[in-house]
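Structural overview for review
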Amino acid sequence: MMDKFLIIKTRDEFLRIRISDILYFEADRNYTKLLLSEGIQFTFAINIGKIEEMFQTQYIDAQSMLIRVGKSFIVNKNYILQINLPKQKLLLLTPGGKPRELIVSKEPLKALKEMLEQEGIKPKKNIE
């Protein structure tokens, strides 16, 4: 499988990130924090909406892996371990086995849960 990369460019920086290494993006006012699955963290002077636009223009299939959850997060759905609605908690598990807990408001969390449930019950195509 070919690795897909997301290019993030600012006036002062150029970053080339393997999409499968992205754990999540987190909005912080006009900044966006990026956490990679290895625990490496970056902060950009770009808002999260701009980041979302970047991967929409660069890769159509990035959208199937990277999901916007509420106003604050874009998460890599391959790392989602648990969604807890009462505690408004989204638990991501990195390949190294380090859990990351994100606090997300109920509505976006509920939408994410429903979307993942729908995906889970899609009929598998028979390969003849």
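What this report covers is the structure whose coordinates are included nearby. From a predicted model like this one, the values you see are computed outputs, not experimental measurements. For every chain, the first residue of the written sequence is number 1, and numbering continues from 1 along that sequence. Local features in this predicted model are restricted to residues of pLDDT 70 or higher, and side-chain atom pairs are both shown and tallied only at a pLDDT of 80 or more, whereas totals for entire chains, interfaces and linings draw on every residue. Side-chain descriptors were evaluated using all non-hydrogen atoms of the structure, hydrogens and water having been removed beforehand.

**Comments concerning unusual backbone geometry**
- With phi around 50 degrees, Arg29 is a residue other than glycine that occupies positive phi space.
- Working definition: helices are DSSP H or I runs of at least four residues, strands are E runs of at least two. Numbering for both runs from the N terminus. Tracing the backbone through its elements, the reader meets Arg29 in the loop between strand S3 (22–28) and strand S4 (31–36).

**Brief notes about the sheet that holds strand S8 (residues 80–84)**
- One requirement defines pairing of two strands: DSSP has to find at least two bridges between them. Strand order in the open sheet formed by three strands is S8-S9-S10, and the pairing between neighbours is antiparallel. A strand with exactly one partner marks an edge of an open sheet, and here the two such strands are S8 and strand S10 (99–103). Looking at each pair of strands side by side, their axes are set apart by 20 degrees on average, direction ignored.
- As defined by bridge partners, strand S9 (residues 89–93) adjoins S10 across five bridges and the pair is classed as antiparallel. Residue pairing across strands places Leu90 opposite Leu102, the latter belonging to S10.
- In the packing of helix H3 (residues 106–120) onto the sheet, the strands contacted are S8 and S9, and the crossing angle to S8 comes to about 125 degrees. Axis geometry follows a simple rule: fit a line to the C-alpha atoms, using only the stretch in contact for helices, then measure angles between N-to-C directions, giving values from 0 to 180 degrees. Should any heavy atoms of two residues lie within 4.5 Å, those residues are counted as being in contact.

**Examining the side chain of Ser37**
- Residue position: Ser37 is located in the loop between S4 and strand S5 (41–44).
- Relative accessible area decides the class of each residue, using a 1.4 Å probe on protein chains only: under 20% of the type maximum gives buried, over 50% gives exposed, and in between gives partly exposed. Under the relative-accessibility criterion, Ser37 is labelled buried at 8%.
- Throughout this description, a polar contact denotes any pair of N or O atoms lying within 3.5 Å of each other; where both atoms belong to protein, one of them has to be capable of donating a hydrogen while the other can accept it, and for residues adjacent in sequence the pair is counted only when both atoms sit in side chains. Here Glu38 takes part through its side chain, which lies 3.4 Å from a polar atom of the side chain of Ser37.
- Excluding anything up to four places from it in sequence, Ser37 contacts Asp21, Leu23, Tyr79, Thr94 and Pro95.

**Some thoughts on the sheet that holds S3**
- Within the open sheet, the five strands sit side by side as S5-S4-S3-S7-S6. Their pairing is antiparallel. Both edges of this open sheet fall to S5 and strand S6 (66–69), since each of them pairs with a single strand only. Averaged over all pairs of adjacent strands, the angle between their axes in this sheet comes to 20 degrees, without regard to strand direction.
- Helix-sheet contacts for helix H1 (residues 48–58) involve S3, S4, S5, S6 and strand S7 (73–76), and the interaxial angle to S7 is about 40 degrees.

**Some details on the environment of Arg100**
- As for its placement among the helices and strands, Arg100 is situated in strand S10.
- Distance from Arg100 to Leu90, taken between C-alpha atoms, is 8.2 Å for residues 10 residues apart in sequence.
- Sequence-distant contacts of Arg100, defined by excluding residues within four places in its chain, comprise Leu23, Tyr24, Leu35, Leu90, Leu91 and Leu92.

**Examining the nonpolar core**
- Residues enter a nonpolar core if they are buried and are Ala, Val, Leu, Ile, Met, Phe, Trp, Tyr or Cys, with the set joined through side-chain atoms within 4.5 Å. By size, the foremost hydrophobic cluster in this structure holds 18 residues, and its most contacted members are Ile8, Ile22, Phe25, Leu34, Phe44 and Ile51.
- Counting residues per element, the ones that place at least two in this core are strand S1 (5–9), strand S2 (14–18), S3, S4 and H1.
- Tallying contributions element by element places H1 first for this core, with four residues.
- Dropping the residues within four chain positions of it, Ile22 is found in contact with Leu6, Ile17, Leu34, Leu35, Leu36, Leu66, Asn76 and Tyr79.

**With respect to the pairing of S7**
- With burial as the criterion, each face of S7 is covered, one bearing Phe73 and Val75 and the other bearing Ile74 and Asn76.
- Note: S3 against S7, three bridges, orientation antiparallel. Paired with Tyr24 across the two strands is Val75, which belongs to S7.
- With four bridges connecting them, S6 and S7 associate as antiparallel partners. When the bridges of S7 are listed, Ile67 appears paired with Val75.

Coordinates in, geometry out; function isn't part of it.
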